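Each chain, written out:
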Amino acid sequence: AVVSTQSTGEIYSSVLLKKHRRSRKVWCCYATSLACQSKMETVRDLLTKALKSLPKHKHVRTISHFAQLEYRLGDPAKGSTMFENVLTSYPGRLDLWSVYLDKTIALADNEQTRLLLDRVVGLKLPAKKMKFFFKRYVDFELSQGDKERAERVRELARNYIETSDL
């Protein structure tokens, strides 16, 4: 059966969001539906409502989803700001760093990507996780930069190994 976009909005607002207002998936699906219809202002308003309805432990993943929508279908600068705000509160959430890096790399904003990678490799993280980000940084420089930049990153990794207590 074909459902019009008007009735989809009515279904979400009248049924799903009332019955399942504590479900992150319902809010995210509705936001995705609105974003695909180029209604980003409504999506931004929806985030506020979602955060009021959802339990606190679901806020970070919800904000991350909305930030990814901004990157993909809205204003990447707003998506970046959303990630920055979440990472200020949760600097150890490597899943968020990784998604944020993916989105920045996809925009082909090399300088912003380098700044972000520099920040990540400056964090105090376990060696295994640092290895992942150093490898990512070297791969990025080999594909987007040059060999000298990649060698600089390798030098940063060597310094990390020498100064850390492994």
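Everything here concerns the structure above.
Residues numbered from 1 in each chain as written. Predicted model: local features only at pLDDT ≥ 70, side-chain atom pairs only at ≥ 80, totals over all residues. Heavy atoms only, no water.

Thoughts on the environment of Pro126
Okay, step 1: Relative to the assigned elements, Pro126 resides in the loop between helix H7 (110-121) and helix H8 (127-144).
Okay, step 2: Take Pro126: its relative accessible area is 48%, and that puts it in the partly exposed class.
Okay, step 3: Sequence spacing of Pro126 and Ser164 is 38 residues, and the spatial spacing of their C-alpha atoms is 9.4 Å. (Helix = DSSP H or I, 4+ residues; strand = E, 2+ residues; numbered from the N terminus. Buried < 20%, exposed > 50% of the residue type's maximum accessible area, 1.4 Å probe, protein only.)

Things to note about unusual backbone geometry
Phi is mostly negative for residues that are not glycine, and the peptide bonds are mostly trans.
Okay, step 1: One non-glycine residue with positive phi stands out, namely Ser38, at about 60°.
Okay, step 2: Residue placement: Ser38 occurs in the loop between helix H2 (24-36) and helix H3 (40-53).
Okay, step 3: Residue classification places Ser38 among the exposed residues on the basis of a relative accessible area of 64%.
Okay, step 4: Phi is positive for Ala108, which is not a glycine, with a value near 65°.
Okay, step 5: Residue placement: Ala108 occurs in the loop between helix H6 (94-106) and H7.
Okay, step 6: Exposure remark for Ala108: the relative accessible area of 55% places this residue in the exposed category.

Here's the deal with the nonpolar core
Okay, step 1: Val43, Leu46, Phe66, Trp97, Phe133 and Phe134 are the most contacted members of the largest nonpolar core, which totals 41 residues.
Okay, step 2: Contributions of two or more residues to this core are made by H2, H3, helix H4 (59-73), helix H5 (76-89), H6, H7, H8 and helix H9 (147-163).
Okay, step 3: Excluding its chain neighbours within four sequence positions, the residues that come into contact with Phe66 are Trp27, Cys28, Ala31, Val43, Leu46, Leu47 and Met82. (Core = buried A, V, L, I, M, F, W, Y, C linked by side-chain atoms within 4.5 Å. Contact = heavy atoms within 4.5 Å.)

Read these as spatial facts, not as claims about activity.
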